[in-house]
Amino acid sequence: MNASTTPAMGCRLVIVGGGFSGACLAIQLVRGSVRPLAITIIDPAERVGRGLAYGAVDPDHRLNAPTFSHSLLPEDAWHLSRWCLEQGILQQDPQAMRPDGAAYIRRSDYGRYLEQTLRDHAHWPATGSTIRHCRDTAVGFGLPGEPLAVQTAAGDCLPADQVFVATGNPLPRLQPPFPPALAGHPRIIENPLDTARLSGIDPQARVLLVGAGLTSLDVLSSLLRRDHRGPVEVVSRRGLRPRSQAPVAPVLARAQSLQAIAAMPAAMALDRVHGLPAAWLSAAATPPDVRRWLRALRLRIREVQAGGGAWYQAFDDIRDSVWQLWPTLPVAQKRRFIGRLRTWYDVHRFRAPPQNEEMVEAACAQGRVLFGAARLRAVTVSPDGEAIEVTMRRRGDGDDVTETYDAVINCTGLDPVAGLAGNPFLSSLVQGGWIRRDPCGLGFEADAACRAVGRDGVARAMLRLVGPPTVGSFGDPIGAVFISLQIHRMLAEVFGELTGGG
Ligand SMILES: Cc1cc2nc3c(=O)[nH]c(=O)nc-3n(C[C@H](O)[C@H](O)[C@H](O)COP(=O)(O)OP(=O)(O)OC[C@H]3O[C@@H](n4cnc5c(N)ncnc54)[C@H](O)[C@@H]3O)c2cc1C
C-alpha cells in the first residue's frame, strides 16, 4: 500500500478520507477501470479502511444489519459473507449468528474485512492500477488556473486529475444546551465512540446518556458488559428508540455455506436499489410531497399487514428509493421532513442489532436502565465540582427538574457539517468556493453524479463528494451498502471523464 507509483496522465486520483467510503471507492475504481489508475488515499489514520465506524474495538459493537447487506462490492452481495466463512468469523464469534440465519458481525471484524480487501486491490495485475495510502491530513485544494492538486499538512502537494471528498462524519460533538466549555470535563464524554473513556466510568456511577439511537445501544452494551451497577438513564427529545430487525427471508437464511452462497443472486442489492421505485411508491411519487408519500406508506403497510406481512416491507421500499425521491422534493418540504419526521424515519431505518437489543431489554426489565423523553434545558457542573447537574423537562411534566449525575455521555446523532470548522480541507474547499452547503444545511451540494456544486452553482467533474457529506443531496447515503451503490452509480461518468481526459 505504500509503494510509490508512476501515474499515467489523466489517471491520478486522490481520495481524501480513508474510511468505508474512501476504501470502497478505491476498490470499485480499481475493479471497474480498463486503464491503469494511480490512486492515493489521504488519511491520517495508521491503518486505512476502517474510518470512524469500523475502527471499533469493543466486541459488543456490531453491524446494524446482516452480512449480506454490507458487501463492499455492489455486484457481489455475498462478498462479505464468503469472507466471514473463509476467515472462520462465525466460529470465533458464535454470538454473531442469529436463530433466523442472519449474522450480525462485530464492527471490528468488518473493519478487518475492509482493510484486507483494500490491501488485496492495492496492486491490480489486470490493469496495473495501484492504491497507496498517504498518511497525512489534506489541508488545501489547487488554486484556479493552476494544476489540480491536494496539499497536505506535512507540506506535500499531490497532483491529481480528479479528487474525491470522502471525509465522512466528524467526531460527535456536544449539542446545545451543553456549554462548549464542558467538552473537556472529566465527567462528560463528548465522543461516545471513545471506548477507553467509557471503561473509566465507575461501575456505581449515576449515568445519563443523551440520545437514544444506535450509539446509545453501543454505549449501554459496553457499560452492561462491564457489569455497571449504578442507575443509567437514557433521554431523548421524543423518547423514540430504534426498532427491531426484520426477520430474515428464508431464502437468504439458507446461505450459510460457500456452496449455498454460490446459488444466491449476486446483484441482489443492485437490483433492489437501482430499479424503479415499487409500483405503489411510483404512483405516489409525483407531485413530490412528503405528506402524500406518508399517506401512501401507511396505506401500503395496511395492505402488507392484511396479507400477513410486516411494516418493514413497505418501509424498505421507501428506504431503497430515497436516493431517487429525495432530490425531487422542494427545499421547504425537505426542511419540514428534517424538523418533524427525520427522527421517526431514523428509528425505523437504523434498526438495533439483536444482540445489543437483548442486552439492553434485559437490563431495562431489571430496572438497571431507564429510557425517557425529555428536553434538556441546561447542563452545569455542581458547586463542589464532583457531579453534573442536568435540568430537563420530562415529557408530560410542566416543570423543569434538575438531576445530578456522575457521568454524562453524548449519544446525539452525527452531523457532517458540524466538523467543518475543524476540517482544514473542507474549510479550504468552502473558502475557495469549490463546494457549498446544500440548501438544507445537512452537508454539501452534489449533482446526480456526485459532482461538487461550487459557490457559483457550477458542478465540477474534477471534484466529487461521496458518502455522508452528500446527505442533504441524496437523503440517505449513510449505510455501507447505500454508499457502495452511490459510488457504483457515479463511476460510469468518472470513467467517461478519465477516457476523455486521457
Ligand atoms: C459508530 C457508527 C456505527 C455505524 N454502523 C454502521 C453499520 O453497522 N452499518 C452501516 O451500514 N453503516 C453504519 N454506520 C454508518 C457509516 O457512516 C458508514 O457505514 C461509513 O462508515 C461512512 O464511512 P466514511 O468513510 O464516509 O466516513 P468515516 O468513517 O467518518 O471516515 C472518514 C475518514 O476521512 C478522514 N478525513 C476526514 N478529513 C480528512 C482530511 N482533511 N484529510 C485526510 N483525511 C480526512 C477521517 O480521518 C476518516 O478516517 C455507522 C456509523 C457510525 C458512526
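Here is what the cut-offs are and how they apply
Residues numbered from 1 in each chain as written. Predicted model: local features only at pLDDT ≥ 70, side-chain atom pairs only at ≥ 80, totals over all residues. Helix = DSSP H or I, 4+ residues; strand = E, 2+ residues; numbered from the N terminus. Rg over C-alpha atoms; globule rule 2.2 N^0.38 Å. Buried ≥ 20, exposed ≤ 12 C-beta atoms within 10 Å, placed from the backbone. Contact = placed C-beta atoms within 7 Å. Pairing = 2+ DSSP bridges. Near = placed C-beta within 6 Å. Nonpolar A, V, L, I, M, F, W, Y, C, P; charged D, E, K, R; others polar. Core = buried A, V, L, I, M, F, W, Y, C linked by C-beta atoms within 7 Å. Domains from an automatic or database assignment. Right-handed = clockwise from strand over helix to strand, strands pointing away. Axes fitted to C-alpha atoms, helices over the stretch in contact; angles between N-to-C directions. Parallel < 35°, antiparallel > 145°, perpendicular 65-115°, else oblique. Left-handed = near helix turned anticlockwise from the far one by under 90°. Expected span 1.5 Å × (residues − 1).

A. Up close: the overall build of the chain. A tally of regular secondary structure across the chain gives 18 helices and 17 strands. The C-alpha radius of gyration computed for the chain amounts to 23 Å, which stays within 12% of the reference 23 Å derived for 502 residues, consistent with globular compactness. The C-alpha extent of the chain, read off along each of the three principal axes, is 65 × 55 × 50 Å. Burial statistics for the chain: of 502 residues in total, 41% are counted as buried. Put simply, 69% of the contacts in the chain that link residues at least 6 apart link residues at least 24 apart.

B. Inspection of the sheet that holds strand β2 (residues 38–42) at higher detail. Here we have seven strands laid out as an open sheet, ordered β3-β4-β2-β1-β8-β17-β16, and mixed in their pairing. The sheet is open, and its two borders are formed by β3 (123–124) and β16 (451–453), each paired with just one other strand.

C. Quick peek at the environment of L376. Mapped onto the secondary structure, L376 falls in strand β12 (residues 369–381). Assessed through the 20 C-beta atoms surrounding it within 10 Å, L376 is described here as buried. Dropping the residues within four chain positions of it, L376 is found in contact with P177, V210, V390 and M392.

D. How the structure looks around the site of the ligand. Around the ligand, a shell composed of 33 residues is seen, among which G17, G19, S21, G51 and G168 lie nearest. Listed by contribution, the elements that provide at least two residues to the shell around the ligand are α1 (20–32), α2 (51–54) and α16 (424–431). Of the residues that constitute the shell around the ligand, the class distribution is 18 nonpolar, 14 polar and one charged.

E. Spotlight on the nonpolar core. Core analysis: the largest hydrophobic core is formed by 80 residues, its most contacted members being I15, V16 and A26. In terms of residue count, helix α18 (residues 480–501) provides more of this core than any other element does, nine residues in total. Mapping this core onto the domain boundaries places at least three of its residues in each of domain 1 (12–170 + 416–501) and domain 3 (258–349). Ranked by size, the runner-up nonpolar core spans 33 residues in total, among them V207, L220, L223 and I409.

F. Just the pairing of strand β10 (residues 207–210), in detail. On β10, burial covers both faces: V207 and L209 on one face and L208 and V210 on the other are all buried. The sheet contact formed by β10 and strand β11 (residues 232–236) spans four bridges and is parallel. If you follow L208 over to β11, its bridge partner there is E233. For the handedness criterion, the β-α-β arrangement of β10, helix α7 (residues 214–225) and β11 is classed as right-handed. One ladder, built from four bridges, connects β10 with strand β15 (residues 407–410); its direction is parallel. Residue pairing across strands places L209 opposite I409, the latter belonging to β15.

G. Examining the domain arrangement of the chain more closely. Partitioning the chain into structural domains gives domain 1 (12–170 + 416–501), domain 2 (180–242 + 353–410) and domain 3 (258–349). Contact residues are listed per partner, giving 17 residues for domain 1 and 19 residues for domain 3. Elements with a contribution of two residues or more to the side of domain 1 that touches domain 3: α3 (79–87), α17 (471–474) and α18. The residue makeup of the side of domain 1 that touches domain 3, split by class, is nine nonpolar, four polar and four charged.

H. Examining the sheet that holds strand β6 (residues 149–152) more closely. Taken together, three strands build an open sheet; the order of strands is β5-β6-β7 and the sheet is antiparallel. Looking at strand neighbours, the two that pair on one side only are β5 (138–141) and β7 (157–159), the edges of this open sheet. In this sheet, adjacent strand axes meet at a mean angle of 30 degrees when their direction is disregarded. As paired strands, β5 and β6 are joined by three bridges and run antiparallel to one another. Opposite G140, over in β6, you have Q151 as the bridge partner.

I. Summary view of the environment of I201. Its location among the elements puts I201 in the loop between α6 (195–199) and β10. Residue I201 is classed as buried on the basis of its C-beta count, with 21 C-beta atoms lying within 10 Å. Linking I201 and V57, residues 144 residues apart in sequence, is a C-alpha distance of 17 Å. Those residues in contact with I201 that sit more than four places away from it in its chain are V207, L223 and A407.

J. Main features of the packing of α7 against helix α15 (residues 354–365). Orientation of α7 relative to α15, taken along the N-to-C sense of each, is 65 degrees, at an axis distance of 9 Å. Looking at the two axes, α7 sits roughly perpendicular to α15. For the pair α7 and α15, the sense of crossing is left-handed. Along the contact surface, α7 presents L217, D218, L220, S221 and L224, while α15 presents N356, E357, M359, V360 and A363. By residue class, the composition of the contact of α7 with α15 is six nonpolar, two polar and two charged.

K. Focus on the packing of helix α12 (residues 290–306) against helix α13 (residues 311–325). At their nearest, the axes of α12 and α13 sit 8 Å apart, and the two run at 145 degrees to each other. Note that α12 runs across α13; the crossing there is right-handed. Residues L297, R300, I301 and V304 of α12 lie in contact with α13, whose contacting residues are W311, Q313, A314 and I318. Classifying every residue of the contact of α12 with α13 gives six nonpolar, one polar and one charged.

L. Local environment of unusual backbone geometry. P177 follows P176 through a cis peptide bond whose omega is 10 degrees. Considering the arrangement of structural elements, one finds P177 in the loop between β8 (162–165) and β9 (188–189). Residue P287 follows T286 across a cis peptide bond; omega there is -5 degrees. Examined against the element boundaries, P287 turns out to sit in the loop between α11 (279–285) and α12.

M. Summary view of helix α5 (residues 107–120). For α5, with 14 residues, the first-to-last C-alpha span of 20 Å sits near the 20 Å given by 1.5 Å per residue. The complete set of buried residues in α5 reads R107, D109, Y110, G111, Y113, L114 and L118. On its buried side, α5 packs onto α1, α2, α3, α4 (89–92) and β4 (129–134).

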